[in-house]
Amino acid sequence: MIEPKRPFRWDLIRPDHLGSLLDGVPGPDLWFLDELISCAAKVLARSEDGELYFVGRSADSVFDLLGGALPAPDRLHLLPLSTASMDSLFGGRLHPAEVAQLRANLTAHGLAPDALAHGSRPVVFVDVVSSGRSFGQLIGILRDWATDERADWPGAVRRIRLLGLPRRTHTSPKTRRWQQHAEWTHELAAGAIRNISLESAVFSYFADHQQKLTDSFGRYLWSAEDVREPAHDHRTRRALAEAVAIVEAGRTPAVRERLARTMNGEPAIAEPWLRDLVRLLLPRASPA
């Protein structure tokens, strides 16, 4: 048995273990909060009541906001994984030991092909997306794994959904979406890919400039022991302060009401599960 590895990240839903880590750290400027609220509400509304896996690190803030807002965030999952180091520039195909470690890591997240094929809910992968390369590589990893184990790949792929967070552009009949350029998307069920666009500055911040709480979890770290150790440098503490502030914002009645209001405008509000979720988010009426 290979022991799975996962980068350390503080539990911000129950942050009583942070101690004095944030002492002296300036309060963050959540200038992107309006856009984040809109995006997070649509992620929930378009999830088909599934298990949400936030791939890599780019959408961490969506995870944090929803973690603060939802009374029971048990279907929110961070999936630390970077596939950039699988490109030919970095050595291309994985070595057998890397494949084994990656599969052990994904199994610990409940993403083994057999588990995918026999689960009861959709599995929704969420990521900030430009070309869709990371999504394509993740689908390839799961497909090859299913083939090696003779698992039910058609059954697994029926449960997979992709929620891309692309940069917002002017739309027209000639606008082409990232998935229209990706040949692998034909493997997924019709309607399995959806997009929620982000304003350009917010897209750039989440994808390229936001300081994250963990290092990018590429192939050279998949089996590393020290990824389980927290960092305490100044940049990480600033990132931690921002993440904590996002969770706290999600707990406020004002943000929860805005999430519910946005979800009310989504087509899926016709579904009982989403109406129930909206009711959970709305602030309770004050006693007379």
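Reading the values: the criteria
Residues numbered from 1 in each chain as written. Predicted model: local features only at pLDDT ≥ 70, side-chain atom pairs only at ≥ 80, totals over all residues. Heavy atoms only, no water. Buried < 20%, exposed > 50% of the residue type's maximum accessible area, 1.4 Å probe, protein only. Helix = DSSP H or I, 4+ residues; strand = E, 2+ residues; numbered from the N terminus. Pairing = 2+ DSSP bridges. 1 Å grid on protein atoms, 1.4 Å probe; cavity = no way out; pocket = protein on both sides within 12 Å on 5 of 7 lines; lining within 4 Å. Points joined across faces, edges and corners; volume = space filled by probe spheres on them. Polar contact = N/O pair within 3.5 Å; in protein donor to acceptor, adjacent residues only side chain to side chain. Expected span 1.5 Å × (residues − 1). Arc of directions from axis to C-beta. Contact = heavy atoms within 4.5 Å. Phe/Tyr/Trp six-rings, centres within 6.5 Å; stacked < 30°, edge-to-face > 60°. Axes fitted to C-alpha atoms, helices over the stretch in contact; angles between N-to-C directions. Core = buried A, V, L, I, M, F, W, Y, C linked by side-chain atoms within 4.5 Å. Parallel < 35°, antiparallel > 145°, perpendicular 65-115°, else oblique. Nonpolar A, V, L, I, M, F, W, Y, C, P; charged D, E, K, R; others polar. Patch = residues over 30% accessible without salt bridge, like charges linked within 9 Å, V, L, I, M, F, W, Y side chains within 5 Å. Areas by Shrake-Rupley, 256 points an atom, 1.4 Å probe, with all protein chains shown as cover. Salt bridge = Lys/Arg side-chain N within 4 Å of Asp/Glu carboxyl O. Lys, Arg positive; Asp, Glu negative; His and termini not counted. Charge placed at Lys NZ, Arg CZ, Asp CG, Glu CD.

### A look at the pairing of strand S3 (residues 123-128)
Across the six residues of S3, six count as buried, placing the element largely inside the fold. Taking every second residue as pointing to the same face, both faces of S3 are buried, with Val123, Phe125 and Asp127 on one and Val124, Val126 and Val128 on the other. Where strand S1 (residues 51-55) and S3 come together, four bridges link them in parallel fashion. Following the sheet pairing, Tyr53 is matched in S3 by Phe125. Direction of pairing for S3 relative to strand S4 (residues 160-165): parallel, over a ladder of six bridges.

### A short note on the layout of surface pockets
Empty space within the largest pocket amounts to approximately 620 Å³. Here the lining of the largest pocket gets five residues from one element, more than from any other, and that element is helix H7 (residues 200-209).

### Examining the environment of Ser131
Within the secondary structure, Ser131 is located in the loop between S3 and helix H5 (133-149). For the pair Ser131 and Pro96, spaced 35 residues apart in the sequence, the C-alpha separation amounts to 27 Å. Within the structure, the side chain of Ser131 is placed 3.3 Å from the backbone nitrogen of Arg133, a separation counted as a polar contact.

### Examining helix H9 (residues 253-264)
An ideal rise of 1.5 Å per residue puts 16 Å on 12 residues; H9 measures up with 16 Å between its terminal C-alpha atoms. Along H9, the residues that are buried comprise Val255, Arg256, Leu259, Ala260 and Met263. Buried residues of H9, viewed axially, fall in a sector of 135°; they line one side. Buried positions along H9 lie against helix H1 (33-45), helix H2 (60-69), helix H8 (234-251) and helix H10 (272-281).

### A closer look at the packing of aromatic side chains
Note on aromatic pairs: each is described by the distance of the centres and the angle between the planes. Across all of its chains, the model carries 10 aromatic pairs by this definition. Pairing Tyr205 with Phe206 gives two aromatic rings, centres 6.0 Å apart and planes at 45°, and the pair type is tilted. You can call Phe206 buried: its relative accessible area is 2%.

### Observations regarding the sheet that holds S3
Strands belonging to one sheet form pairs held by backbone hydrogen bonds; the direction of such a pair is parallel or antiparallel. Strand order in the open sheet formed by five strands is S2-S1-S3-S4-S5, with parallel pairing between adjacent strands. Edge positions in the open sheet fall to strand S2 (76-79) and strand S5 (193-195), since each of these has one partner strand only. Put simply, the sheet's adjacent strands are angled 25° from each other on average, direction ignored. H5 rests against S1, S3 and S4 of the sheet, and its axis sits at about 145° to S3.

### As for the nonpolar core
Val43, Phe54, Val62, Leu65, Leu165, Leu259 and Met263 are the most contacted members of the largest nonpolar core, which totals 46 residues. For this core, the leading source of residues is H1, giving nine residues. Apart from residues no more than four positions distant in its own chain, Leu65 is found in contact with Leu33, Leu36, Ile37, Ala40, Ile246, Ala249, Gly250, Val255 and Leu259. Core analysis: the second largest hydrophobic core is formed by 36 residues, Leu138, Leu142, Leu162 and Ala192 among them.

### Some words on the packing of helix H3 (residues 96-108) against H5
Where H3 meets H5, the axes come as close as 12 Å, and the angle between the chain directions of the two elements is 100°. One way to sum up the angle between H3 and H5 is to call them roughly perpendicular. On H5, the residues that touch Leu102, Arg103, Leu106 and Thr107 of H3 are Ile141, Leu142, Asp144, Trp145 and Asp148. Residue composition of the contact of H3 with H5, by class: five nonpolar, one polar and three charged.

### Some remarks on empty space enclosed by the protein
Take a probe with the size of a water molecule and roll it over the atoms, and the empty space left behind shows itself. One pass over the structure, following the stated rule, counts two cavities of 30 Å³ or more. Its boundaries defined by the atoms lining it, the largest cavity holds a volume of some 80 Å³. Along its surface, the largest cavity is lined by Arg9, Asp60, Ser61, Asp64, Gln210, Gln211, Lys212, Leu213, Ala239, Glu242, Ala243 and Ile246. When contributions to the lining of the largest cavity are tallied by element, the ones reaching two or more residues are H2 and H8. Broken down by element, the residue count for the lining of the largest cavity peaks at four residues, all from H8. By residue class, the composition of the lining of the largest cavity is four nonpolar, three polar and five charged.

### Focus: a negative patch on the surface
Together, Asp215, Asp226, Glu229 and Asp233 make up a negatively charged patch on the protein surface. With respect to the helices, strands and loops of the structure, Asp215 is situated in the loop between H7 and H8.

### Digging into the pattern of salt bridges
Should the charged atoms of two oppositely charged side chains come close, the side chains can pair. Going through the model one piece at a time under the given rule, you end up with 17 salt bridges. Across the pair Asp34 and Arg258 runs a salt bridge whose closest N-O atoms are separated by 3.0 Å. Here Asp34 is found in helix H1, whereas its partner Arg258 is found in helix H9, with 224 residues between them in sequence. Within the structure, one salt-bridge network assembled from shared partners comprises Glu3, Lys5, Glu225 and Arg228.

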